[in-house]
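Examining the three-dimensional arrangement
Spelled out, the chains give:
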Amino acid sequence: MSKTVLIARPHTFIVSVMKPFLEESGFSTNKLEHISGLQSQLAGISGAVISLALSSSITESADDVFLKLKSLAPRVPVLFAAMLPLAQARPALERIAKQAGIPVTILGIDATPVAAAQLGRQETFLYVSKDDLTSPERRTMAGRLIQRHFRQA
């Protein structure tokens, strides 16, 4: 049985690039159509992807989607994605963690082996940028980290 990842806040980049990448990495994907359907999509998922993009087919912000997800499934590991490099996305990720009241470890695909030991934990945010998936070398590294982050408990 394949592991399922919920695309909890879709964006064009997430659907066109991340979805096939996840499927190539051995995951099946479900795309959330409306925030009201979140609870029914959570059974058996290995992780969730939330786009930090300003626009999404889900009208709620990345912050709101994350808070709703964590209220319903606090242990589900989350991957955040956007077009920006990690350095530019970090303030948004820190803000989301602060709003959720959790101490956070933010990892990009350049994570050290010691930091990578934090993957799969609810207080770890893994971040993947568009460039991480378009460069073959970075794509391979991203695939390994995502598989570790979304491992089944």
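Everything discussed here concerns the structure shown above.
What comes next concerns the included structure. (Residues numbered from 1 in each chain as written. Predicted model: local features only at pLDDT ≥ 70, side-chain atom pairs only at ≥ 80, totals over all residues. Heavy atoms only, no water.)

Turning our eyes to something else, we now look at the overall build of the protein chain. When its secondary structure is counted, the protein chain shows seven helices and six strands. For the protein chain, the N- to C-terminal ordering of α and β elements is β-α-β-α-β-α-β-α-β-α-β-α-α. A compact globule built from 153 residues should have a C-alpha radius of gyration of about 15 Å, and the protein chain, at 14 Å, falls within 12% of that. With respect to the principal axes defined by its C-alpha atoms, the protein chain has extents near 40 × 35 × 30 Å. Taken over 153 residues, the protein chain has a buried fraction of 45%. Here the contacts in the protein chain between residues at least 6 apart in sequence split such that 72% fall between residues at least 24 apart. When the accessible area of the protein chain is evaluated, it comes to approximately 7500 Å², of which 54% is carbon and sulfur surface. When the 17 basic and 12 acidic side-chain charges of the protein chain are each reduced to a single mean position, those positions are 5 Å apart. (Helix = DSSP H or I, 4+ residues; strand = E, 2+ residues; numbered from the N terminus. Rg over C-alpha atoms; globule rule 2.2 N^0.38 Å. Buried < 20%, exposed > 50% of the residue type's maximum accessible area, 1.4 Å probe, protein only. Contact = heavy atoms within 4.5 Å. Areas by Shrake-Rupley, 256 points an atom, 1.4 Å probe, with all protein chains shown as cover. Lys, Arg positive; Asp, Glu negative; His and termini not counted. Charge placed at Lys NZ, Arg CZ, Asp CG, Glu CD.)

Here we take up the nonpolar core. Core analysis: the biggest nonpolar cluster contains 27 residues, and Ile-50, Leu-52, Phe-80 and Phe-125 have the highest contact counts within it. Within the residue set of this core, elements represented by two or more residues are β1 (3-9), β3 (45-51), α3 (62-72), β4 (78-82), α4 (86-100) and β6 (124-129). Residues within four places of Ile-50 in sequence aside, it is in contact with Ala-8, Arg-9, Ala-62, Val-65, Phe-66, Leu-69, Val-78, Leu-79, Phe-80 and Ala-81. Counting residues in each nonpolar core, the second largest holds 22 residues, with Ile-14, Phe-27, Val-49 and Ala-116 among its members. (Core = buried A, V, L, I, M, F, W, Y, C linked by side-chain atoms within 4.5 Å.)

Moving on to the side chain of Lys-70. With respect to the helices and strands, Lys-70 occurs in helix α3. We note that Lys-70 is buried and unpaired, the nearest opposite charge coming from Glu-123 at a distance of 7.8 Å. Within the structure, Lys-70 has its side chain in polar contact with the backbone oxygen of Pro-74 (distance 2.9 Å). Residues contacting Lys-70, with those up to four places away along its chain left out, are Arg-75, Val-76, Val-78 and Gln-122. (Salt bridge = Lys/Arg side-chain N within 4 Å of Asp/Glu carboxyl O. Polar contact = N/O pair within 3.5 Å; in protein donor to acceptor, adjacent residues only side chain to side chain.)

This part is about the sheet that holds β1. Taken in spatial order, the six strands line up as β2-β1-β3-β4-β6-β5 in an open sheet, and their pairing is parallel. Edge positions in the open sheet fall to β2 (27-31) and β5 (105-107), since each of these has one partner strand only. Strand after strand, the sheet turns through a mean of 25° between neighbouring axes, direction not considered. In this sheet, β6 lies alongside β4 in parallel orientation, the contact comprising five bridges. Residue pairing for β6: Leu-79 is matched across the bridge by Leu-126. Contacts between helix α1 (residues 12-24) and the sheet are confined to β1, β2, β3, β4 and β6, with β2 contributing the most and set at about 155° to the helix. Packing against the sheet, α4 makes contact with β4, β5 and β6, and its axis sits at approximately 150° to β6. (Pairing = 2+ DSSP bridges. Axes fitted to C-alpha atoms, helices over the stretch in contact; angles between N-to-C directions.)

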